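# Summary of the model geometry
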Amino acid sequence: LWCIYELASWIHLEKSNICFVPVSLTALAATMAFGLYLYYAFAAACQALTGTIPTLVSILSGMATCLLITYSTQGHVHELGILPSQVSTLSVQTARCYCCDNNHVHPLSGETMPCDRRLVYLALEGWHSKCQEMPSTFEAPQRSHLDFFDKQIRSRISDFSWRGGYKLSYSHALVVASPSLWFYVSQAAYLKS
């Protein structure tokens, strides 16, 4: 619920620089960096040795790295694949929140909790009841601003989510490539000695 409220506030403030980053991207980048680190660690260790076993270990570590990265990428691609259906059904009215999930009773203390949903609905009503795009007649006036918001947020997010997709930032690319960098730095130091 609070994530949807945050999106609503950005739209209300007419911010156009919303950046969606898939949560799975962090795990994917970490897995890629870790896999490359292991591969280059094995490659560096095997480089000092000669024979078939070090070569075989280097090849197997390369294959294991590729499998690990492929497996992680599949999860990320799956999440991106279900994004359109999630966006098409996104609704502030069906979003979960902690207070409602616990029947407005704190699970540890037993104290009554105020309803977050009520606060979010009041804010949306204040923002959207003044909007010119909003129709003037409704079947259910108490929910009309929520229906209007649902349509608006679905439209804006779907426009954004497939307007070029997500591009890997330079800093993320550096994190993923850092094992390669350190491997080649060590190789350069090895060649000098």
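Attention here is on the structure that accompanies the text. Since we're looking at a predicted model, the values are computed, not measured.

Conventions adopted
- Residues numbered from 1 in each chain as written.
- Predicted model: local features only at pLDDT ≥ 70, side-chain atom pairs only at ≥ 80, totals over all residues.
- Heavy atoms only, no water.
- Helix = DSSP H or I, 4+ residues; strand = E, 2+ residues; numbered from the N terminus.
- Buried < 20%, exposed > 50% of the residue type's maximum accessible area, 1.4 Å probe, protein only.
- Contact = heavy atoms within 4.5 Å.
- Areas by Shrake-Rupley, 256 points an atom, 1.4 Å probe, with all protein chains shown as cover.
- Core = buried A, V, L, I, M, F, W, Y, C linked by side-chain atoms within 4.5 Å.
- Polar contact = N/O pair within 3.5 Å; in protein donor to acceptor, adjacent residues only side chain to side chain.
- Expected span 1.5 Å × (residues − 1).
- Bend = angle between axes of the 7 residues up to and from the residue.
- Patch = residues over 30% accessible without salt bridge, like charges linked within 9 Å, V, L, I, M, F, W, Y side chains within 5 Å.
- Salt bridge = Lys/Arg side-chain N within 4 Å of Asp/Glu carboxyl O.

## Quick notes on the overall build of the protein
When its secondary structure is counted, the protein shows 7 helices and 0 strands. Start at the N end of the protein and walk to the C end: the helices and strands fall as α-α-α-α-α-α-α. Among the 193 residues that make up the protein, the fraction classed as buried is 29%. Taking the intrachain contacts of the protein between residues at least 6 apart in sequence as the baseline, contacts between residues at least 24 apart amount to 67%. A total of about 13400 Å² of accessible surface is found on the protein, and carbon and sulfur atoms cover 64% of it.

## Section: the nonpolar core
Core analysis: the largest hydrophobic core is formed by 18 residues, its most contacted members being Leu1, Val92, Leu124, Phe149 and Ile153. Contributing elements (two or more residues each) for this core: helix H1 (2-12), helix H5 (116-128) and helix H6 (141-161). Excluding residues that lie within four positions of it along the chain, Leu1 makes contacts with Val92, Ala95, Arg96, Cys97, Asp116, Arg117 and Val120. Among the nonpolar cores identified, the runner-up in size contains 6 residues, and Ala29, Leu36, Val176 and Phe183 belong to it.

## Structural notes on unusual backbone geometry
Glycine aside, a negative phi is what most residues show, and trans is what most peptide bonds show. The phi dihedral of Asn103 falls on the positive side, at around 55 degrees, and the residue is not glycine. Relative to the helices and strands, Asn103 resides in the loop between helix H4 (98-101) and H5. Judged by relative accessible area, Asn103 falls into the exposed class, the value being 64%. Unlike most non-glycine residues, His104 shows phi in positive territory, near 60 degrees. With respect to the secondary-structure elements, His104 resides in the loop between H4 and H5.

## Focus: the side chain of Ser91
Here Ser91 lies in the loop between helix H3 (52-88) and H4. Engagement of the side chain of Ser91 in a polar contact is seen with the backbone nitrogen of Gln93, the distance being 3.1 Å. Aside from chain neighbours lying at most four places away, what touches Ser91 is Ile4, Asp150 and Arg154.

## What to know about H3
Every α-helix carries 3.6 residues per turn, so stepping three or four residues along brings you back to the same face. End to end, H3 covers 55 Å across 37 residues, agreeing with the expected 54 Å (1.5 Å per residue, within 8%). A maximum bend of about 35 degrees is found in H3 at Ile82, where proline Pro84 lies one to four positions downstream.

## Comments concerning a nonpolar patch on the surface
Taken together, the side chains of Phe34, Tyr37, Leu38, Phe42, Ile53, Val57 and Leu68 define a hydrophobic patch exposed on the protein surface, amounting to about 650 Å² of accessible area. Looking at the nonpolar patch element by element, the count peaks at 4 residues for helix H2 (residues 24-47). Within the element layout of this structure, Leu38 appears in helix H2. Judged by its relative accessible area of 32%, Leu38 is partly exposed.

Function cannot be inferred from these measures alone, as they are strictly geometric.
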